[in-house]
Every structure is written in structure tokens, then in C-alpha cells.
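Below, each chain spelled out in residue letters.
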Amino acid sequence: MAARRTYTRPMTGWWKRDPFFIRYMAREATAIFVYLYAIVLVAGLSALANGQESFEAWLAMLRSPLGIAFQLVCLAVFAYHTWSWFVIMPKTMPPVVVAGKRVSGGTLTGAGVAAAVLATLVIVALAGLKP
Amino acid sequence: MPDGTAATRTRTIEMQVMRYNPATGNAPYMQSWTIPFTDDMSVLQGLQYIKDNLDGSLTYRWSCRMAICGSCGMMIGGVPHLACETFLRNFLPGPVRVEPLEHFPIERDLVVDATDFFTKFERITPWLVPKDPKPVSEGEYLQTPAQLEEYEQFSHCINCMLCYAACPQYGLNKDFLGPGLTALLHRYNADSRDNAKAERMELVHSEEGVWSCTAVGYCSEVCPKQVDPANAVNRNKTQSAIDWFARFLPGRK
């Protein structure tokens, strides 16, 4: 018998093969914006430590058109990040059993998203109390 | 049944099938046939029509025709499916594209080389290792419904390898144990009658183990038996992390 001669297909461009993979890559890419926003927050903390003038300059930077555009992009990206995170969450945990019945993945995702929305509203409300 | 109802009406659809001939070893190519079909015909039946009537050299695996043997997994419309439970009518107006399972070497036409899968299969200790072996005459190892529930879903795996064709991490890194076998490994670990968990966890912790997974999650989407391999893999990441930190507790080996 002749030796086996198999053919192995290349993986080049694999993530464009299926819409599911594109959504996965988008989810992973949101990490870049989480990282950038973390840098902005650390810069703010450092500005605060440097005194009022420095902190005011940081605030002015955030209020500039470019600063607001960046934050709007971050908001959209973070919303997708949150949603995609809770979509995968049921896959990462043992079954949740309530009253003898297993809670569906969709319910867990919904509960997670609802908790995130609630937490956001609470934080925005608290921030709104400050002058 | 009167003529012309959905089930008996004959229409035609184009099937584009990937061909590969190991005798030449040249790259695979697509071949297309337009075949008659009725609404109750599966993609597998479409392939059988081609083999019986148009080209007897077309090669593919199949056996049970009812989604239990796990032989006829292939990429249909770019998505891993069992050909026997996927209907041609869902791909109207066509064409329906049929390719061998992704991430496996092609043996011939739609047949892939599953050696890697079955070599790894042997490594997960895919059987129950009883704590205290006893002869059959002493009766069964009893289990409560709750204990059954712990692993039952993972025992539904039919080794069809659709999840491997859905896992880009397996496609990129063939050392990865992969979704289906991790689910099966978990099936034995989660069984109250088993006592070989420590041994299997060595594999879970290793480079080939669960940490090669990046939670794409497509494996669970394509699974024809709702095994949810992504859940088995990611729950074992938690287990693996706990085991790692537990080393620091006094009295642990």
C-alpha cells in the first residue's frame, strides 16, 4: 500500500471564515480599548497627585472634542465588551440550579447584562451628585 | 399524499463538493453537480445520489443516517454539520458547498485523517477507574440522580469532531487536547464512581490542556448533541487554577 498522502489546508485568514470568528476577534480587540482607557485613568490619577493645575489640564483634555470622541468610541466598545463577556459567561461556570431546575445560559447572560446596566446607572447617578 | 406537496416535490440544487485525490497529491479542488432532491433529503442523501448516479469515485464517511454514529461530519455551507441531519432544502436556491471537516488533514475527498483525535483519546483514560474494584457478583456501583446529572450531558458526545472543526485554537495548535476530548475527560472526572481524576488533571494542567483555549465558544454552538464542550473546558480552567493555588496549603502534596 502506498504511503498516506494527506492534504492540510492553511489557516491563513481563518478568522474571516465565519461571522462567529469575526465576532470573537471583535470581542478580543475590545481589550485594546480597555487598555487605552486604563492608561487615561492612570494619567488622571497621576495628574491628581501633581496638584490642581495638572488635574485641570487633564480634565480639559477629556473635555476637548478629541477627548469626547475617544470616550464615545470607548463607550460603544465597552458596551460590546460587556455584552460579549456575559454571552460567554455561562460557558465558564458550573450549572446554576434554582429550585431544582437548571438556569439556562440565556437567563444567566440576561442577568449579567442587567446587573451591568444597573451598576452603570448607579455609578452615573452617584457621579451626578457631585458638583 | 397528493403530488406536489412539499415532501414529494422534486426540485434541483447545485452541490459544490471539495475533491482531493491522494494519488496525485495535488491541491483539493471543487467539483459541482446539479442534483434532483425532495424536501426530506439530507446533504448525505445528496452525496449518495452523486455517488450512485454521477460519480462513483466520490468518497465520504457515513453509517447510521440518524445523527448518532458521528461519522458524517463535514463543513456544509462553511459550518461543521452532520450531513445526515442537514437538509438540502435549507440551502435553496443553492449552491450548497460541502467540504471536509476543517483543521484535519484531508485523506481523500470528504474523508479526513482522524489519527490525532484518536491518539489523544487514548490519553484521557476514557473509562471509569473504580476506587475499590469489586467483582460483578457483588453488584453495581450505585449512583443518585444528582450524581448522574453531574456528568450526563458530557457523556452524550458521539466523537463526531465537529467541535474540532469549529475550534481555531486546535487548527492553529495541534498539541491542544481540544474541546470534545476535554468534555469526555470531564465526563469521567465528574462521575462519582471514578477515581482517576488526579491522573487526568495532569493533562488538564499541561500545555496541551485547557489553557490553550481562548473561549471562542463555537465548539458548543456546532455540537449536534448539546454537550457544551466549551463549558467543560472553561470549568476546568477554574479547577486548574484552584489546584495550582492549593499547592500552597499545608498538607497538600
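Conventions adopted
Residues numbered from 1 in each chain as written. Chains lettered and ligands numbered in written order. Predicted model: local features only at pLDDT ≥ 70, side-chain atom pairs only at ≥ 80, totals over all residues. Heavy atoms only, no water. Pairing = 2+ DSSP bridges. Helix = DSSP H or I, 4+ residues; strand = E, 2+ residues; numbered from the N terminus. Axes fitted to C-alpha atoms, helices over the stretch in contact; angles between N-to-C directions. Polar contact = N/O pair within 3.5 Å; in protein donor to acceptor, adjacent residues only side chain to side chain. Domains from an automatic or database assignment. Contact = heavy atoms within 4.5 Å. Buried area = accessible area lost by both parts, 1.4 Å probe. Salt bridge = Lys/Arg side-chain N within 4 Å of Asp/Glu carboxyl O.

## Considerations on the sheet that holds strand β2 (residues 29-37) of chain B
All names here are of chain B. Taken together, the five strands give an open sheet; going across it, the order is β2-β1-β5-β3-β4, and neighbouring strands pair in mixed fashion. At either end of the open sheet lies a strand with only one pairing partner, and these are β2 and β4 (79-82). Neighbour-to-neighbour, the strand axes of the sheet open up by a mean angle of 35°, direction not taken into account. Both strand β3 (residues 73-76) and strand β5 (residues 96-99) contribute to a ladder of two bridges, which runs antiparallel. What sits directly across from Ile76, in β5, is Val98.

## Focus: the environment of Thr59(B)
Residues and elements named next belong to chain B. Assignment of secondary structure puts Thr59 in the loop between α1 (43-54) and β3. Taking C-alpha positions, Thr59 is 9.8 Å from Asn21, a pair spaced 38 residues apart along the chain. From its side chain, Thr59 meets the backbone oxygen of Ser57 in a polar contact 2.9 Å long. A distance of 3.2 Å separates polar atoms of two side chains, one belonging to Thr59 and the other to Arg108.

## What about the domain arrangement of chain B?
All names here are of chain B. Its domain assignment divides chain B into domain 1 (4-112) and domain 2 (115-246). Between domain 1 and domain 2, the contact holds 17 residues from the first and 18 residues from the second. Approximately 1200 Å² of surface area, both sides summed, lies buried where domain 1 meets domain 2, with 69% of it carried by carbon and sulfur atoms. Three residues stand out in domain 1 for area buried against domain 2, namely Pro80, His103 and Phe104, and they jointly supply 49% of the buried area on that side. Viewed at the interface, domain 2 and domain 1 are joined by zero salt bridges. Between the two partners, domain 1 and domain 2, sit five residue pairs in polar contact (both at pLDDT 80 or more).

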